Every structure is written in structure tokens, then in C-alpha cells.
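Here are the chains, one letter per residue:
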Amino acid sequence: MINGWKDICAFCLAAILGLSPLGCNVVRITLNRPITPADVAFIVPGHTTLADVVANLGAPDSITDSDTGLVATYRFLDLKYSRVNLGWLAKPWTPVDPDLIFSRTGLGVDAFEVLCDPQWVVVHQGFHRHLYRHPFHPYPFLQSRGSTDHKLPPFNGPAIMPSHGRGTIRSSDSSLQ
Amino acid sequence: MKLPHCLVCFLAVASLLQSCAFSRGTLGDELQTDVIKTIQKGTTTKEELLHLLGAPDRLLALNGRDVFQYYRYDAKAGSLLLIALNFTRLSIKSDDLFVILDRDGVVEEVISSRRTEDLKFRFWPFGD
């Protein structure tokens, strides 16, 4: 039995809290496993070879030619999508099917590139987009922090970085040239 | 366990499983590890490679050498569909094989890795 405004408020609050998860969709799509910069910290330009990189990170997703050697690219993706239909809150009390949808998608596409000279020695390495682990905000009107050069967070919170299984390269003393 | 308990357990499991979805997709042929092991550097020729693995998925030119790339993608998706609250997680991984041939058409390097072996169905979209 409902007695007074206090109980009505408590009932409304309980109903809102109970129904708030309704109409929610959370989707996540990942391509390859995330790793931290510590996983690629072993790469020392001028010393580390592509064989070492492959032994730790696995085979790259692509190898392309360049004027100074080759570029091995590890691609990865961490897509997050959320959708909340607040219209579900009104469903029990209205004959119509109302929709009030808040939705947001974060693509999280990045790549780790290794530039090697013709002797397979790493010359440069780096991440393509510098995506760091910003919190994903389902609320669509909140501004995401950009990863501009002067706003980059400290190098301790990687967002989406690839971790590929260990691979093999049958390296030899012979170079590509 | 008594019959009512068994029925309750069955109904609980059935009610949980009916809201689950498992999906899987693959692209490309499986890269056989034992076949890859038969590729010998400095010995295996382009013709033998084509006989072993077939035509490559991608043919690249690298410093005047041919690179045969073979790949296979595996995707597993798990969904928890509770009508009003849905969780979905799709994980994709790939196996890649690069075979670098010298100017004489003989295998010079073999780069390979298998990532799909530890690919699992996952439902929970949060965390790593």
C-alpha cells in the first residue's frame, strides 16, 4: 500500500532505477588483442631486427615496400558502441511505442608500424594514431578528448594497441639485398 | 537430485541459453603448420610453393623480390540477448604467412604466425 509522497517518490525512483538498463545495447568489436607500449619497448632502432619483432608480436598484417627498406604494419581495432533507449521508461504507461535513443560509437582504429632497412634492421617504429585509453562515454553529447600532439596524456595509459600471437620468422644471415 | 530440482535446473539453464547467440565467420583457407614447415629457405621454389599452398591471397613486390601473402581470418561473436539489455562482443584474429622469394624464384624468408588458436567466444564487452 502506498502511503504519502515519500512512498510515491520511492516507488518512482525504484521504477526508474529498475527500468533504466532496459533498452540498452552494448557492442564491442576487437581486431587482435591489445598490448601496452611495454610490449614494444624491446624495439631498439638500429639494433632490433624484424625477426625479433616477429618473434614477439607475430607476423605483421602487411608488409610494404619503401625507398629505404620495408614497412611492417600491425593493424588493430577496438570498436565500442552503446545505445540506450530511454523510451523504454515510458513503455509500461503508454499505449504507443516511444523512442528516445542516445547512441555513441567509438571506432578505435590504429596501427603499429615498423620501418626496416634492407638488412631487416628496425630504423623507426611508432603507433599510427596514438589512441590512448580514454574512457568511453555512452552519452553522445559529451566531447571526447582528442589525441592532439599538445594534449597527449602521459605514456602510461595505452588505449588500443595490438597484441598478436607470437610468430616465427626463419631468419638467416642473408639480407634482402 | 530430486525430479523437481532437476526440472528447476533444466528450466534455469534453458532460460539462460535461449538468450545466447553464437556466431562465427572465417575468411580464407586454414594455414597448415606442417605444410609451412615443409617450406625450406634456399630450396623451395615458387612452383613448389604454389603446389603446396596454392595461389597467394596477395602478391607484393619488395625490393625487387616477390612476396606471397597468405591469410586467414577467424571471427567469433557471442551475444547475450536479454530483450531489453543486450551485450555483444565480436573478436577477430588472423593467421598470416609471408613468403619472400628471391629474384630466382627461390624462397628466401618465411614469416608466419597463428593468432586464431586462442580465439574464444566472449560475451562481456567491458574490460580487455
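Treat the numbers as computed from the prediction; the structure is a model and nothing was measured. (Residues numbered from 1 in each chain as written. Chains lettered and ligands numbered in written order. Predicted model: local features only at pLDDT ≥ 70, side-chain atom pairs only at ≥ 80, totals over all residues. Heavy atoms only, no water.)

Student: Pulling in residues and values, what's your account of the overall build of chain A?
Tutor: Within chain A, the secondary structure is distributed over 3 helices and 9 strands. Reading the secondary structure of chain A in the N-to-C direction produces α-β-β-α-α-β-β-β-β-β-β-β. By residue count, 36% of the 177 residues in chain A fall in the buried class. Long-range pairs, those at least 24 residues apart, make up 67% of the contacts in chain A with a sequence separation of at least 6. Accessible surface for chain A amounts to roughly 10,000 Å². Of this, 61% is attributable to carbon and sulfur atoms. (Helix = DSSP H or I, 4+ residues; strand = E, 2+ residues; numbered from the N terminus. Buried < 20%, exposed > 50% of the residue type's maximum accessible area, 1.4 Å probe, protein only. Contact = heavy atoms within 4.5 Å. Areas by Shrake-Rupley, 256 points an atom, 1.4 Å probe, with all protein chains shown as cover.)

Student: Pulling in residues and values, what's your account of the overall build of chain B?
Tutor: Looking only at helices and strands, chain B features 3 helices and 5 strands. Helices (α) and strands (β) of chain B occur, in sequence order from the N terminus, as α-β-α-α-β-β-β-β. Here the C-alpha atoms of chain B give a radius of gyration of 23 Å, more than 25% beyond the 14 Å that 2.2 N^0.38 yields for 128 residues. Overall, chain B is about 75 × 30 × 20 Å in size when its C-alpha atoms are taken along their principal axes. For chain B, buried positions account for 39% of its 128 residues. Long-range contacts, defined as pairs at least 24 residues apart, comprise 59% of the intrachain contacts of chain B with a sequence gap of at least 6. (Rg over C-alpha atoms; globule rule 2.2 N^0.38 Å.)

Student: An account of the nonpolar core is needed here, citing residue identities and associated values.
Tutor: Judged by nonpolar contacts, the single largest core of 24 residues is most densely connected at A:Leu50, A:Val53, A:Tyr74, A:Phe112, A:Val114, B:Phe98 and B:Ile111. Elements represented by at least two residues in this core include exactly helix H3 (50-57), strand S4 (69-85), strand S6 (109-116) and strand S7 (122-127) of chain A together with strand S2 (58-62) and strand S4 (85-101) of chain B. Setting aside its immediate chain neighbours within four residues, B:Phe98 contacts A:Ala59, A:Pro60, A:Asp61, A:Ser62, A:Ile63, B:Leu60, B:Val67, B:Phe68, B:Gln69, B:Glu109, B:Val110 and B:Ile111. Ranked by size, the runner-up nonpolar core spans 11 residues in total, among them B:Leu31, B:Ile36, B:Phe68 and B:Leu97. (Core = buried A, V, L, I, M, F, W, Y, C linked by side-chain atoms within 4.5 Å.)

Student: Just give me the short version of the packing of aromatic side chains, but keep the residues and values in it.
Tutor: Residues and elements named next belong to chain A. For the structure shown, the criterion picks out 9 aromatic pairs over all chains. Considering the side-chain rings of Phe76 and Phe127, the 6.4 Å spacing of their centres and the 85 degrees angle between planes classify their relative orientation as edge-to-face. Placement of Phe76 in strand S4 and of Phe127 in strand S7 is noted, with a sequence separation of 51 residues between them. A single burial state applies to Phe76 and to Phe127, both of which are buried. (Phe/Tyr/Trp six-rings, centres within 6.5 Å; stacked < 30°, edge-to-face > 60°.)

Student: If you had to explain H3(A) to someone new, which residues and values would you point to?
Tutor: Residues and elements named next belong to chain A. The set of residues buried in H3 consists of Leu50, Ala51, Val53, Val54 and Leu57. Summarising the axial view, the buried residues of H3 lie within an arc of 160 degrees, below the 170-degree limit, and thus occupy one face. Looking at the residues trailing H3, positive phi occurs at Gly58, about 90 degrees. (Arc of directions from axis to C-beta.)

Student: Explain the pattern of salt bridges to me, using residue names and the numbers behind them.
Tutor: Residue and element names in this part refer to chain B. Applying the stated rule across the entire model yields 10 salt bridges over all chains. As a salt-bridge pair, Glu109 and Lys41 come within 3.8 Å of each other at their nearest N and O atoms. In this pair, Glu109 sits in strand S5 (residues 107-113) while Lys41 sits in the loop between helix H2 (33-37) and helix H3 (46-53), placing the two residues 68 residues apart along the sequence. For Lys41, a relative accessible area of 25% gives the class partly exposed. Taking the shortest distance from any N to any O, the salt bridge between Asp96 and Arg115 comes out at 3.1 Å. (Salt bridge = Lys/Arg side-chain N within 4 Å of Asp/Glu carboxyl O.)

Student: If you had to explain the confidence of the model for chain B to someone new, which residues and values would you point to?
Tutor: All names here are of chain B. Looking at chain B, the pLDDT average stands at 88 and 96% of residues meet or exceed 70. Per-element confidence in chain B is highest for H3, whose mean pLDDT is 94, and lowest for helix H1 (residues 3-17), whose mean pLDDT is 76. In the predicted complex, the global pTM is 0.71; the interface-specific ipTM is 0.76. (pLDDT = per-residue confidence, 0-100.)

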